[in-house]
Amino acid sequence: MEVKERVIDLRQYFLFVWENAIVFILVVLAFVFGMAGYSYKKQKNGMDFVAEEKTNLSAVISQNHDAFYGINSKGKFTDADQPDNTFNSSARLFVDFDYSSIENNSNLDFTQMTTKVQQDAMLLLVSDTALNKVINDLKLNEYDDMKNLTTDDLKWMINRNFLGVNIFQIVVTDVDPERAHLIADAVVKEFFESSKSFKTISKVEMIDSASVPKPGLENKVIPGAVDKKKLLKYAIVGCAGGVFLMAVILLIIYIFKDAVRTAIDLAFADLKLFGSVSRKEATKKESYRRIAYNIALADNKQVLVVVPTDSKSEDDAFVSGVEEVLKTTGKTVGIVSGEDTDSATLVKSVENAKNSNDIVIISVRNIRDYADATLAAVNADKALIFATFGKTRMKDLIYAKSELDKTGTPILGAVLNQARYI
């Protein structure tokens, strides 16, 4: 026994996609707007930044601490690096020193004395007393990411170094540019105050005051801002995801539905295309005309049974349409109903119709759900299978062909109703 294989007709698949274009487009648009909306909401709610702020604030503290002690176990940062999404607010002071106040200075050269007074100044800047006042004055512990901030944590957010002998540079690194500026101002203010009572410092003057830092690189993110590029990226991902998902879903539906769509499908069931009925009203009458002429040419006198394959293929308009055209050719046509009738009654009805008509058409219900068609086929000269484009399943078409073969009545072929793309 020859085993037949069904192959996917790509042309018909893409036409099937086209038939469902509205659903396809709506789903894709839903994915596009859904992903873009998700990105927008995520950015507006600061979800991108909350996690980054916590990580970056911790990274700032850890980086400065490790750089000070020469620890670089992870190899990620050096003391010159600035973590992503952080901001530097800096100030420069002129600090003049009183070297005479250093005890035992006779044992130190100028370089050693300079190093000592500079270290004292840097320690004074980040003293617990000064930093506690900064934390309390600015109410830093009220920030969500600074609830447990200690003076030791704040100390490692402040980079301090001397540029030369007397230029003291102070840099505050934070994830919030406004807060970085506030902390830098407060630290400088406290240094001015505490240095007045510090013996080794004779004078402090402001060179450059701290200011609100601005992102200088593209990867510097301002919390709460909406990144249009990110919105576009999410929209593109949503579009690609929607297209892929719908293509897969429609392919699965197309395969499992396995509907009759072309003459090749009919040939798989060992049937030929006898004719097709257009779905458009403007060309439907012409479809009836072609099929009626083919019936008229098949035989001068005949009894024809039209057998719908399934409930979706039952269409009384087909029989009446063909009947109307046949009458215009000079043929007399008799219509016999084969629904819910016994064999004797059907035989009698057919014989009466044959006596007064050239062509007799037996109209029956679908062969899938009712036995009317097989009884009518036994009393007919020819059979015509009636299927619906894109709705009749191959298994129903094969079943109809198999059932009619059992009657021994010759099958003229199959008619595809609501046909297109064939």
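These numbers come from a predicted model, not from an experiment.

Student: What is the right way to read the pairing of strand E3 (residues 167–174) from this model?
Tutor: Two faces belong to every sheet, and in a regular strand the side chains alternate between them. Among the eight residues that make up E3, seven are buried, leaving the element largely enclosed by the rest of the structure. As judged from the eight bridges shared by strand E1 (residues 87–97) and E3, these two strands associate in the antiparallel manner. In the strand pairing of E3, Ser90 is matched with Val171. Relative to E3, strand E2 (residues 158–163) runs antiparallel, the two sharing six bridges. Residue pairing for E3: Asn161 is matched across the bridge by Gln169. Connecting E2 to the next strand, E3, in antiparallel fashion are three residues, including Gly164 with a positive phi near 85°.

Student: Sorry if this is basic, but what is going on with a positive patch on the surface here?
Tutor: Taken together, the side chains of Arg279, Lys280, Lys312, Lys391, Arg393 and Lys395 make up a positively charged region of the molecular surface. By the secondary structure assignment, Arg393 is in the loop between strand E9 (382–388) and helix H14 (394–407). Its relative accessible area of 36% is what places Arg393 among the partly exposed residues.

Student: Help me out: how do you make sense of the pairing of strand E6 (residues 302–308) in this one?
Tutor: Extensive coverage of E6 is indicated by the burial of seven of its seven residues. Here E6 shows a buried face lined by Gln302, Leu304, Val306 and Pro308 and a second buried face lined by Val303, Val305 and Val307. Relative to strand E8 (residues 359–363), E6 runs parallel, the two being bridged by five bridges. Considered in E8, the bridge of Val305 is made with Ile362. Of the pairings in the sheet, the one linking E6 to E9 comprises five bridges and is parallel in character. Looking at E9, one finds that Pro308 is bridged to Phe386.

Student: Please explain the nonpolar core as it appears in this structure.
Tutor: As a rule of thumb, soluble globular proteins bury nonpolar side chains together. Membership of the largest hydrophobic core comes to 39 residues, with the highest contact counts inside it found for Val95, Leu154, Met157, Ile158 and Phe191. Counting residues per element, the ones that place at least two in this core are helix H3 (47–68), E1, helix H4 (110–125), helix H5 (128–138), E2, E3, helix H7 (177–195) and strand E4 (201–208). When residues in this core are grouped by element, the largest group, six residues, is from H7. Those residues in contact with Ile158, other than ones at most four positions away along the chain, are Asn64, Leu125, Val126, Leu131, Ile170, Val171, Val172 and Val187. Counting 30 residues, the second largest nonpolar core, distinct from the first, contains Val303, Val336, Leu346 and Ala377.

Criteria and thresholds
- All residue numbers refer to position in the chain's written sequence, counted from 1.
- Two thresholds apply to this predicted model, a pLDDT of at least 70 for residue-level local features and 80 or more for giving and counting side-chain atom pairs, whereas whole-chain, interface and lining totals are computed over all residues.
- Only hydrogens and water are set aside when side-chain values are computed; all heavy atoms of the structure are taken into account.
- Three labels apply to residues, based on accessible area from a 1.4 Å probe with only protein chains included: buried if under 20% of the type maximum, exposed if over 50%, partly exposed otherwise in between.
- Helical segments are the DSSP runs of H or I of at least four residues, strand segments are the runs of E of at least two, and each set is numbered from the N terminus.
- Here the rule is simple: two strands pair whenever DSSP picks up at least two bridges between them.
- Surface patches are drawn from residues lacking salt bridges whose relative accessible area is over 30%; two like charges belong together within 9 Å, two nonpolar side chains (Val, Leu, Ile, Met, Phe, Trp, Tyr) within 5 Å.
- Here the accessible surface of atoms and residues is derived via Shrake-Rupley with a 1.4 Å probe, and residues count as covered only by protein chains that are part of the display.
- Salt-bridge detection follows one rule: a side-chain nitrogen of Lys or Arg within 4 Å of a carboxyl oxygen of Asp or Glu.
- His residues and chain termini do not enter the charge count, which takes Lys and Arg as positive and Asp and Glu as negative.
- Note on charges: their place is set at NZ of Lys, CZ of Arg, CG of Asp or CD of Glu.
- Nonpolar cores are built from buried Ala, Val, Leu, Ile, Met, Phe, Trp, Tyr and Cys residues. Side-chain atoms within 4.5 Å join them into one set.
- Any pair of residues with heavy atoms lying within 4.5 Å of one another is described as a contacting pair.

The quantities given are spatial measurements derived from coordinates; they are silent on function.
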